[in-house]
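Read off the chains here:
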Amino acid sequence: MQPLEYAGTGLELDQKIILDAAVGAGKATAFWAEKLSEIRASSRIIGVDIGLPREWRRRIGERLGENIKYVELVEGDIFNLDFLADESIDIVNCADTIIFLNDRPLRLLQAFQEFKRVLVSGGHLIITSEYSNKDLDPDEGQWRRWHLSKGIFELMGKTWSVEPEPGEVRKALEILGFEITGERDFPPVKIDNYLEIMDDWQNTMQEEIKNIPWEERLRKTIAAEVNKVYKRVAEDGYLLGPAKYVIKARKELAGGS
Ligand SMILES: C[S@@+](CC[C@H](N)C(=O)[O-])C[C@H]1O[C@@H](n2cnc3c(N)ncnc32)[C@H](O)[C@@H]1O
């Protein structure tokens, strides 16, 4: 069973409002929309992301096909979901995103607090996230790609991603009064459309490198390193998706039971 399938098991999906935070390339959005389509649900998905440029919207639309009818895409920040009323959402799905919400101690807690605010009493929060790649073979293209990305952002004084461990996520949810209802681990998987992903990665990194406020020589060296890693992954013939975990939680019922 894949993480998304596990995420979707055991939930009543008709007449629900689902918040997909964040949409990214729309993999999880497509999964939930397909689930709704299978049962002809009268439910809808609000897909939020901090950046939804036209090209991404086009790709997401292409991925979803006619199931896009279930989805409203909204550009917005998870840390401030002001456009959503308190207790207006039945299910929050947060797939492969918390590593980007954790750039400072306790920041993740703030995102979870916002999920709690918008969830109805007894509503569900499903977190899918990645284990850190720190134990992977340093000669792997995947490993080099991830750490080089982090390094490039470090040089700009920014954080690319921080992988919270499941224990930390559980603790944060419990502090906020969520009840943990399920948890499962998933091993790393080989990703076959790696060249498409690497093309995006190479373009993004080359653009970011231009902003590194260090001397030109350093920027050129790092740009050459990005190209080397690209080549290395192409030779490996695959990308490795990291091991993942899914944590399912429920907002406490009004009255505290
Ligand atoms: C790896 S992608 C999500 C993958 C997506 N759930 C899927 O299944 O395809 C992570 C996304 O988080 C978004 N993001 C990062 N910080 C955010 C924030 N504060 N608010 C909203 N979106 C954010 C990024 O723009 C990016 O699209």
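Up top you'll find the structure we're talking about.
Residues numbered from 1 in each chain as written. Predicted model: local features only at pLDDT ≥ 70, side-chain atom pairs only at ≥ 80, totals over all residues.

1. Considering the overall build of the protein chain
1) Next: Along its length, the protein chain carries eight helices and nine strands.
2) Next: The globule rule puts the C-alpha radius of gyration for 257 residues at 18 Å, and the 19 Å found for the protein chain is close to it.
3) Next: Scored against the burial criterion, the 257 residues of the protein chain give a buried share of 35%. (Helix = DSSP H or I, 4+ residues; strand = E, 2+ residues; numbered from the N terminus. Rg over C-alpha atoms; globule rule 2.2 N^0.38 Å. Buried ≥ 20, exposed ≤ 12 C-beta atoms within 10 Å, placed from the backbone.)

2. Here we look at the packing of helix α5 (residues 141–155) against helix α7 (residues 194–209)
1) Next: At a minimum axis distance of 10 Å, the contact between α5 and α7 shows a crossing angle of 25°. Classified by the angle their axes make, α5 and α7 are roughly parallel. Remark: the crossing between α5 and α7 carries left-handed chirality. Judged by residue contacts, R145, S149 and I152 of α5 engage W201, M205, E208 and I209 from α7.
2) Next: Tallied by class, the residues present in the contact of α5 with α7 amount to four nonpolar, one polar and two charged. (Axes fitted to C-alpha atoms, helices over the stretch in contact; angles between N-to-C directions. Parallel < 35°, antiparallel > 145°, perpendicular 65-115°, else oblique. Left-handed = near helix turned anticlockwise from the far one by under 90°. Contact = placed C-beta atoms within 7 Å. Nonpolar A, V, L, I, M, F, W, Y, C, P; charged D, E, K, R; others polar.)

3. Points about the sheet that holds strand β2 (residues 44–49)
1) Next: Strand order in the open sheet formed by seven strands is β3-β2-β1-β4-β5-β9-β6, and the pairing between neighbours is mixed. Bordering the open sheet on either side are β3 (71–75) and β6 (178–186), each of which pairs with just one other strand. Strand-to-strand twist in this sheet, taken as the mean axis angle between neighbours without regard to direction, amounts to 15°.
2) Next: Judged from the six bridges that link them, strand β4 (residues 89–95) and strand β5 (residues 119–130) form a sheet pairing that is parallel. Along β5, the bridge assignment pairs I89 with L119.
3) Next: The strands touched by helix α4 (residues 107–118) within the sheet are β1 (17–21), β4, β5 and β9 (244–251), with β5 carrying the most contacts at an inclination of about 145°. (Pairing = 2+ DSSP bridges.)

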